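# Fold and contact review
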Amino acid sequence: MISNAPIPPVVPAGRMTRDPQPVFELPNGMRLRPWRAEDAGAIVAASLDPEIALWNQIPPRTEADARERIASMRERWRTERSAFWAIARADGEGEAVGLIGWGDLDLAGGSAEIVYWILPAARGGGVVTDATRRLTRWALDELGLHRLRLCHAVENKGSCRVAAKTGFTLEGTQRSALLHSDGWHDMHLHALIQGDE
């Protein structure tokens, strides 16, 4: 029998923002924290890094543009449309060296897509893998989402390794799915759902 009852939201509105955006400690002296206006230089540096630009759509920015983007991230958290953290050093000034978070966030439908980038000085130590694991636990266990996606250009072998190390199953290839500066890219779609080990 088909029910006409409305489907309740997977995550009720307000669950994400009932508390301040959390800070998460990572191994190797790193942490995930909300973005601050003084982190604008990291976003500008990311927009100028050839490897980040190859796989991400970050247009060149001035520091003023970057501060606007940071303000937008804070607003998107407040309105439960996305959740982005700075990957930062835990000591000293807590310099931001990367971005990670959940875009395309759909609380009612219970899904989101993880996105990230890391500046050259912080690459190679498993920071993105550690950050992905921690935010996956938060999204599934603490927020209550059901399905998480990780999408990347087929040629982006680093992101394919992150997906494999963090339990995201390769579900297939989306043909000609994303336009980059060098043309259309096929994208791998990986996913992790509640109950996956």
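Residues numbered from 1 in each chain as written. Predicted model: local features only at pLDDT ≥ 70, side-chain atom pairs only at ≥ 80, totals over all residues. Heavy atoms only, no water.

### Observations concerning the environment of Arg74
Here Arg74 is to be found in helix α3 (residues 63-78). In this structure the C-alpha to C-alpha distance between Arg74 and Glu155, which are 81 residues apart in sequence, comes to 32 Å. Beyond its immediate stretch of four places on either side in the chain, Arg74 contacts Pro34 and Trp35. Looking at Arg74, its side chain comes within polar contact range of the main-chain oxygen of Trp35, at 2.9 Å. (Helix = DSSP H or I, 4+ residues; strand = E, 2+ residues; numbered from the N terminus. Contact = heavy atoms within 4.5 Å. Polar contact = N/O pair within 3.5 Å; in protein donor to acceptor, adjacent residues only side chain to side chain.)

### Describing the sheet that holds strand β5 (residues 111-118)
Pairing is mixed in the open sheet, where 8 strands are placed in the order β1-β2-β3-β4-β5-β6-β8-β7. For this open sheet the edge positions go to β1 (24-26) and β7 (169-180), each flanked by a neighbour on one side alone. For this sheet, the mean inter-axis angle between neighbouring strands, taken without regard to orientation, is 25°. The pairing of strand β2 (residues 30-33) with strand β3 (residues 83-89) spans 4 bridges and is classified as antiparallel. Of the residues in β3, the one forming a bridge with Arg31 is Ala88. (Pairing = 2+ DSSP bridges. Axes fitted to C-alpha atoms, helices over the stretch in contact; angles between N-to-C directions.)

### Here's the deal with the packing of aromatic side chains
Evaluated as defined, the whole model comprises 5 aromatic pairs. Considering the side-chain rings of Trp77 and Trp85, the 6.0 Å spacing of their centres and the 75° angle between planes classify their relative orientation as edge-to-face. Trp77 sits in the buried class, given a relative accessible area of 9%. Taking 5.2 Å as the distance between ring centres and 75° as the angle between the ring planes, the aromatic pair formed by Trp85 and Trp138 counts as edge-to-face. One end of the pair, Trp85, is in strand β3; the other, Trp138, is in helix α4 (residues 127-143), and 53 residues separate them in sequence. Ring pairs connect the aromatic residues Phe24, Trp77, Trp85 and Trp138, which therefore count as one cluster. (Phe/Tyr/Trp six-rings, centres within 6.5 Å; stacked < 30°, edge-to-face > 60°. Buried < 20%, exposed > 50% of the residue type's maximum accessible area, 1.4 Å probe, protein only.)

### Re the pattern of salt bridges
On inspection of all chains with the given rule, the structure shows 14 salt bridges. Between Arg123 and Glu51 there is a salt bridge, with the nearest N and O atoms lying 3.4 Å from each other. Taken together, the residues Arg123 in the loop between β5 and α4 and Glu51 in helix α2 (residues 50-55) connect sequence positions 72 residues apart. Judged by relative accessible area, which is 44%, Glu51 ranks as partly exposed. Across the pair Arg89 and Glu95 runs a salt bridge, and its minimum N-O distance is 3.8 Å. Ionic contacts of the salt-bridge type, sharing partners, join the residues Asp49, Glu51 and Arg123 into one network. (Salt bridge = Lys/Arg side-chain N within 4 Å of Asp/Glu carboxyl O.)

### Description of the layout of surface pockets
Over the atoms a probe the size of a water molecule is rolled, and this reveals where empty space is left. Of the voids in this model, the largest pocket is the one considered here, and its volume is about 1100 Å³. Broken down by secondary-structure element, the contributors of at least two residues to the lining of the largest pocket are α2, β4 (96-106), β5, α4, β6 (147-153), α5 (157-165) and β7. The element contributing the most residues to the lining of the largest pocket is β5, with 6 residues. A breakdown of the residues in the lining of the largest pocket according to their chemical character gives 20 nonpolar, 13 polar and 7 charged. (1 Å grid on protein atoms, 1.4 Å probe; cavity = no way out; pocket = protein on both sides within 12 Å on 5 of 7 lines; lining within 4 Å. Points joined across faces, edges and corners; volume = space filled by probe spheres on them. Nonpolar A, V, L, I, M, F, W, Y, C, P; charged D, E, K, R; others polar.)

### Points about the nonpolar core
Across soluble globular proteins, you tend to see nonpolar side chains buried next to one another. The biggest cluster of nonpolar side chains holds 35 residues, and the ones touching the most others in it are Leu32, Trp85, Ile87, Ile100, Trp102, Trp138 and Leu145. Among the elements of the structure, β1, β2, β3, β4, β5, α4, β6 and α5 are those that each provide at least two residues to this core. For this core, the leading source of residues is α4, giving 8 residues. Core analysis: the second largest hydrophobic core is formed by 17 residues, Ala46, Ile52, Ala96 and Trp117 among them. (Core = buried A, V, L, I, M, F, W, Y, C linked by side-chain atoms within 4.5 Å.)

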